Amino acid sequence: MTMHAPVSFGAGGGEPYARALRSDGRLRLTDPDRPDVVTTMDVGRWSAAADRVDRSLLDDADGPVIDIGCGPGRMLVAARNRGIPALGVDVSAEAVAIAQRSGGTAIQGSVFDAVPDEGHWDTALVIDGNIGIGGDPAALLERCGEIVRAGGRVIVETNPDPLADRMYTARVVDADGHESAGFPWAEVGLDALHRHAADAGLVARQSWTVAGRSFCELMA
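Residues numbered from 1 in each chain as written. Predicted model: local features only at pLDDT ≥ 70, side-chain atom pairs only at ≥ 80, totals over all residues. Heavy atoms only, no water.

### Remarks on the state of the cysteines
The line we're drawing: When two cysteine sulfur atoms are found within 2.5 Å, that pair is recorded as a disulfide.
For the structure on display, the rule yields zero disulfides. Left unpaired, Cys70 is separated from the closest cysteine sulfur, that of Cys144, by 13 Å.

### Details of the nonpolar core
What counts is decided by this rule: Put simply, a nonpolar core is a bunch of buried Ala, Val, Leu, Ile, Met, Phe, Trp, Tyr and Cys residues held in one set by side-chain atoms that sit within 4.5 Å of each other. Note on classification: 1.4 Å probe, protein chains only; a residue is buried when its accessible area is under 20% of the maximum for its type, exposed when over 50%, partly exposed between these limits. A helix here means a DSSP run of H or I that spans at least four residues, while a strand means a run of E at least two residues long, and both kinds are numbered starting from the N terminus. Contacts: residue pairs with any heavy atoms within 4.5 Å of one another.
Ile66, Leu141, Val154 and Leu218 are the most contacted members of the largest nonpolar core, which has 28 residues in total. Those elements that place two or more of their residues in this core are β3 (65-68), β4 (86-90), β6 (121-126), α6 (137-147), β7 (148-158), β9 (183-188), α7 (190-199) and β11 (213-219). Broken down by element, the residue count for this core peaks at five residues, all from α6. Residue contacts for Val154: discarding those within four places in its chain leaves Ala124, Val126, Leu141, Cys144, Val148, Leu202, Cys216, Glu217 and Leu218. Residues Ala50, Val53, Leu58 and Ala106 belong to the second largest nonpolar core, which totals 20 residues.

### So, the environment of Leu21
Structurally, the position occupied by Leu21 is in helix α1 (residues 16-23). With 73 residues separating them in the primary sequence, Leu21 and Glu94 have C-alpha atoms 7.5 Å apart. Those residues in contact with Leu21, other than ones at most four positions away along the chain, are Val43, Ser47, Pro72, Ser92, Glu94, Ala95 and Ile98.

### Describing the sheet that holds β4
Condition: Here, any two strands with at least 2 DSSP bridges between them count as paired. Here, axes are lines fitted to C-alpha atoms. For helices the fit covers the stretch in contact, and angles between N-to-C directions go from 0 to 180 degrees.
The strand order across the open sheet formed by seven strands is β5-β4-β3-β6-β7-β11-β10, and the pairing between neighbours is mixed. Either end of the sheet is taken by a strand with one partner, and the two such strands are β5 (106-108) and β10 (203-210). In this sheet, neighbouring strand axes are inclined to one another by 20° on average, regardless of whether the strands run parallel or antiparallel. Running at roughly 160° to β5, helix α5 (residues 93-101) makes contact with β4 and β5 of the sheet.

### Here we look at unusual backbone geometry
Even without being a glycine, Asp128 presents a positive backbone phi close to 60°. Checked against the element boundaries, Asp128 lands in the loop between β6 and α6. Assessed through its relative accessible area of 15%, Asp128 is described here as buried. In the Ramachandran plot, Ala211 falls in the positive-phi region, its phi being about 50° despite a non-glycine side chain. You can call Ala211 exposed: its relative accessible area is 62%.

### Topic: the sheet that holds β9
Judged by pairing direction, the sheet is antiparallel, and its four strands sit side by side in the order β2-β1-β8-β9 without closing on themselves. Looking along the sheet, the strands with just one partner apiece sit at the ends: β2 (38-42) and β9. Within this sheet the neighbouring strands show an average axis-to-axis angle of 45°, counted without direction. Along the sheet, α1 makes contact with β1 (26-30) and β8 (165-174), crossing β8 at roughly 60°.

In C-alpha cells form, the structure reads like this:
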C-alpha cells in the first residue's frame, strides 16, 4: 500500500518542529476547528535520554526494533545501550541528523514508503502521539503490520482519553509563533485503537497506563 500526504508533521527544514528541536523547545498542536483545544508537545523531553517508562517498552523485545517517527532518537540510543538492533524512521531531516549524532541509526523518510528489512522487525514503536501520523490510524497500523514479522508487536502510545477518536488537519506552532502548514493528524484513545487495529488485522494483546502515559501492545 502507498499513502502520501502533501505535508506531514516534521517535514521541512525551517518549519516549527525543526526550530524546536534546535532549541529543546515546546510546540503547540492546534486544530482550526477547535481553537480552544491546544496540545502542548514537549520537544525537550523527546531530546532528553529515555526515561524509565520509555526503557520499559523495550523489555520484551526479542529482536530488532523500528521506531516510527523516531524524532531525535532517544529510543534508538536506549535500544543500542541494551544491545538491541534498532532503526528510526522520521520525515524530519533535523530529527534524523540529531538521532545520528547521538549514535542511533535513523533514516529520513515516510513510514508509508519502503523501509529496510520490511517484514522482519520484531517490534515497531508508535509512541509520543505518532499514531496520528498521516491522519489515518487504520492505514498506519496496517502499514506497521507489514513492517513487523509475523507474530511481531506494535506498541502504540494512545491518547490518555480512551474515547478520543478524531482525524483532522492540524498545525504546529513554536514558542515564537512560527506556524506550520496544515497536515493530516489523528488523536486516538484506547477504545478507538482497538477498532482501528481490528480494521488493520492486528490483535490487541494488553494495555496499560504508567506515569500518565497510556500504551497498547498489538500483535501482527
